[in-house]
Amino acid sequence: MAARGRAGLRDEELVDLLNESELEIASDDEDADYTLPVSKESRASSEDSVEEDQETSEEEDDYQNLSVARQVRGSAQTRGISSSRARWQSNARGRPRFRGRVRTRGGARGVARPSTVPSWSRRRFDVPLPNLSQPSYLPSIIQDSSDLLEYFQEYIDDDLLQLIVEKSNQNELFRRGKLLHLTIEELKTFLGITMLMACINYPQIKMYWNHKYAMAIITEAMSRDRYIHLRNSIKIVFDLDITPEMRGNDKLWKVRPLINRVLQGCYAQERNQKISIDEMMIPFTGSCAIRQYCPGKPHPTGLKAFVLANPNGLVCDILVYQGKSTLSESEFSLGESMVLKLTDTLVPGHVIYCDRYFTSIKLIEELNLRGFKCAGTIMKNRIPRYLRGDLESDKCLSRRGRGSFDVLVREGGDIAITKWYDNKPVNLLSSIHAANKTDECRRYDRKLKNYVMVQRPEVVKEYNSNMGGVDLTDRFLSVCPARSRTRKWTVRFINHMFDLAVVNAWIKYKIINKEEGKPINKILKLREFKQEIGERLILENIYRMEEDANENVAEVETRKRGRPSIVPLPPVAKRFHGANHLPDMGSKQKRCRNEGCRKKTTVICINCNMPLCLTPTRNCFVDFHSSE
């Protein structure tokens with residue numbers, strides 16, 4: 001009640017209180033967004049400086065505004081008013097508005113550009129597409145485009161398989177004192193079974209030999225226990241041949257011959273002028289010294305590799321990360337060093353696309369010196385501080401609307417930075433593209449709940465078109481991967497490299513068949529391609545099975561013109577193999593399956609399970625097994 005009854009201050013008393021206050025108010029004429037309380041020492045020094053410069057009217061006005069601001073705060077403090085209420089009352093009195101943000105003193109907001117670095121300006125950025133140095137590459141030639149196994153043998157040949165056989169037998173004898181008796185034919189059968197298992201993808205290995213779900217081509221080729229034993233015994237090197245020094249220098253010594261052979265096949269492939277570099281994860285959650293964790297990836301835990309790939313997904317080079325020992329020490333960061341290492345196998349003239357993990361001004365400068373062009377997204381904190389203020393702010397671009405952009409070109413015209421606003425701002429650094437050409441792309445608008453056309457700079461279009469090569473490879477690898485559960489990282493790595501060889505072989509097969517004019521519906525899909533290779537590896541090496549191997553073969557029923565179901569013809573490799581084809585007498589007559597014969601017979605081939613005539617006048621049994 002006493003406070004309410006207190007008389008209001010007169011004008012003279014209010015002026016005295018304002019003169020004694022310490023509140024600072026930024027005037028509307030100032031371009032300042034921050035205020036800060038000032039100490040008595042700094043206030044005294046500022047007052048002395050103002051008194052010395054009273055000749056200029058602007059300084060007098062600034063000093064008066066500063067004094068009034070300080071007086072308002074002192075008045076508020078003496079009357080016990082909160083700071084927020086003081087701000088409100090100062091506005092209510094018609095004084096200059098008080099902004100509550102802290103203002104830094106003694107300099108401009110931006111960071112000054114060092115005198116030794118080139119300047120950046122808004123101008124046209126026009127760099128021609130470079131030419132590949134000649135001779136560039138001599139890709140391998142496929143002799144028979146219809147032979148699927150020839151594509152696969154560019155990466156996995158008989159020399160590598162023979163090395164695996166020798167080292168596996170040697171290790172088994174050294175560790176257990178027993179012979180593994182592994183041959184190259186059995187190893188090919190093992191690989192074929194692994195490919196078929198990947199195409200079917202049962203949750204457990206033992207289900208492939210289950211009486212209810214088993215496939216005859218797998219159960220006839222190898223027993224379950226033998227397959228598991230070979231899976232655990234496959235070796236590529238003999239452990240005693242590797243010295244401690246070699247093991248310390250190369251953590252992938254257990255699989256190094258396989259990596260080198262697959263890389264040899266990758267180096268023999270044709271490389272596009274526009275090529276991308278990105279990370280690839282080999283999924284594995286078990287114990288491994290080089291296992292990495294990369295959050296945000298579809299498979300965050302596993303072995304990390306850096307891959308050079310064409311936009312169509314064809315892998316041209318791969319480098320597995322082993323920690324600090326992967327590369328020798330240099331002045332470049334890890335991402336920059338990986339890009340420079342992967343470009344060692346390229347001729348000058350390529351345009352390299354990489355994401356924000358790799359891109360930097362230092363990397364692009366080094367690639368320019370080596371004859372390469374580069375474009376990619378870049379982290380905001382990798383843009384120099386003196387350059388960030390020159391680019392339009394996020395708010396300015398958002399006000400201009402979706403699809404707006406800003407371009408700065410470095411002095412000399414060799415590098416340009418483009419800031420494009422879509423749903424959020426994106427920064428791209430390039431030595432080949434900017435925004436000289438623009439087009440429109442289709443984007444979804446959440447507010448309108450409809451698709452709209454958005455302006456897009458050229459660098460964004462080229463980046464989106466050529467950057468997804470490694471991601472496309474990951475997508476192909478996820479179609480039918482051989483990823484059965486295992487505790488050994490070597491087993492997972494070997495399966496991954498074989499899958500990578502199949503994917504690369506399929507991409508080349510598809511390209512060649514399209515060039516030959518083959519219809520799209522006649523070109524095998526990836527799963528079918530892998531299945532065909534697996535079947536060939538099995539059927540060409542299978543014939544060491546027992547006589548009663550066909551007893552558990554599941555018959556595929558097909559209806560034709562209302563007749564009873566029949567057994568399909570056996571594979572060609574099985575049909576013309578000379579062993580185990582013997583006639584047997586059945587109890588019922590069946591139609592002869594030899595081409596051109598319509599008679600009925602009770603004779604059945606015990607290996608093919610086919611009814612075939614065997615009479616003094618007709619010998620369809622011999623004709624069926626001796627002619628194609």
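This structure is a prediction, so every number in the text was calculated from the model and none was measured.

About the criteria used
- Every chain begins its residue count from 1, and numbering advances along the sequence as written.
- The model is predicted, so local features are restricted to residues of pLDDT at least 70 and side-chain atom pairs to those at 80 or more, both for listing and for counting; the totals for chains, interfaces and linings are taken over all residues.
- Only hydrogens and water are set aside; all other atoms, that is, all heavy atoms of the structure, feed into the side-chain values.
- Helical segments are the DSSP runs of H or I of at least four residues, strand segments are the runs of E of at least two, and each set is numbered from the N terminus.
- Relative accessible area decides the class of each residue, using a 1.4 Å probe on protein chains only: under 20% of the type maximum gives buried, over 50% gives exposed, and in between gives partly exposed.
- Where accessible areas are quoted, they stem from the Shrake-Rupley method and a 1.4 Å probe; at the residue level, only the protein chains shown are allowed to cover.
- Here a salt bridge means any side-chain nitrogen of Lys or Arg lying within 4 Å of a carboxyl oxygen belonging to Asp or Glu.
- Axis definition: a line fit to C-alpha positions, over the contact stretch in the case of helices; interaxial angles, taken between N-to-C directions, run 0 to 180 degrees.
- Oblique is the label for any angle not covered by the other classes, which are roughly parallel (under 35 degrees), roughly antiparallel (over 145) and roughly perpendicular (65 to 115).
- Contact criterion: two residues are considered in contact whenever any of their non-hydrogen atoms come within 4.5 Å of each other.
- Note on residue classes: Ala, Val, Leu, Ile, Met, Phe, Trp, Tyr, Cys and Pro are nonpolar, Asp, Glu, Lys and Arg are charged, and everything else, Gly too, is polar.
- One less than the number of residues in a helix, times 1.5 Å, gives the span that helix is expected to have.
- Think of it this way: a Phe, Tyr or Trp ring, Trp meaning its six-membered ring, pairs with another when their centres are within 6.5 Å, and the plane angle makes it stacked under 30 degrees, edge-to-face over 60, tilted otherwise.
- Here, a strand pair is defined by DSSP locating no fewer than two bridges between the strands.

Quick notes on the overall build of the chain
- What the chain contains, in helices and strands, is 22 helices and 14 strands.
- Burial statistics for the chain: of 628 residues in total, 44% are counted as buried.
- Roughly 35400 Å² of accessible area belongs to the chain as shown, and the carbon and sulfur atoms make up 48% of that amount.

Side note on the pattern of salt bridges
- Counted according to the given criterion, the structure contains 24 salt bridges.
- Residue K508 pairs with E154 through a salt bridge whose shortest N-O separation is 3.1 Å. Of the two residues, K508 is situated in helix α19 (residues 489-515) and E154 in the loop between α6 (148-152) and α7 (158-176); the sequence distance between them amounts to 354 residues. Both residues of the pair, K508 and E154, belong to the buried class.
- Residue R224 pairs with D225 through a salt bridge whose shortest N-O separation is 3.5 Å.

Observations concerning the packing of helix α18 (residues 469-477) against α19
- Contact geometry for α18 and α19: axes closest at 10 Å, N-to-C directions at 110 degrees. Here α19 runs roughly perpendicular to α18, going by the angle between their axes. Between α18 and α19, the residues in contact are T473, F476 and L477 and H496, D499, L500, V503, W506 and I507, respectively.
- Residue composition of the contact of α18 with α19, by class: six nonpolar, two polar and one charged.

Re unusual backbone geometry
- Of note in this structure, H181 is not a glycine but carries a positive phi near 55 degrees.
- Checked against the element boundaries, H181 lands in the loop between α7 and α8 (184-200).
- For H181, a relative accessible area of 58% gives the class exposed.

Some details on helix α20 (residues 526-539)
- A rise of 1.5 Å per residue sets the reference length of α20, with its 14 residues, at 20 Å; its end C-alpha atoms lie 20 Å apart and thus fit the reference within 8%.
- Along α20, the positions that sit buried rather than exposed are L526, F529, K530, I533, G534, L537, I538 and L539.

Digging into the packing of aromatic side chains
- Within the structure shown, the criterion is met by 13 aromatic pairs.
- Ring plane angle 75 degrees and centroid distance 6.3 Å describe the contact between W489 and F493, whose orientation is recorded as edge-to-face. Placement of the pair is W489 and F493 together in helix α19, with a separation of four residues, close to one helical turn.
- A residue is classified by how much of its surface remains accessible, and W489, at 13% relative accessible area, is buried.
- Since its relative accessible area comes to 1%, F493 is described here as buried.
- Between Y509 and F529, the ring centres sit 5.2 Å apart and the planes meet at 35 degrees, which makes this aromatic pair tilted. Linking Y509 in helix α19 with F529 in helix α20, this pair joins segments that are 20 residues apart in sequence.

A closer look at the pairing of strand β4 (residues 301-309)
- Burial runs high along β4: eight of the nine residues are buried.
- Strand direction decides the pairing type here: strand β2 (residues 274-283) and β4, joined by eight bridges, are antiparallel. Each residue of the ladder has a partner; that of M280, found in β4, is A305.
- In this sheet, β4 lies alongside strand β3 (residues 291-293) in antiparallel orientation, the contact comprising three bridges. Paired with R291 across the bridge in β4 is L303.
- Hairpin connection between β4 and strand β5 (residues 315-320): a loop of five residues separates the two successive antiparallel strands, and G313 in this loop has a positive phi of roughly 95 degrees.

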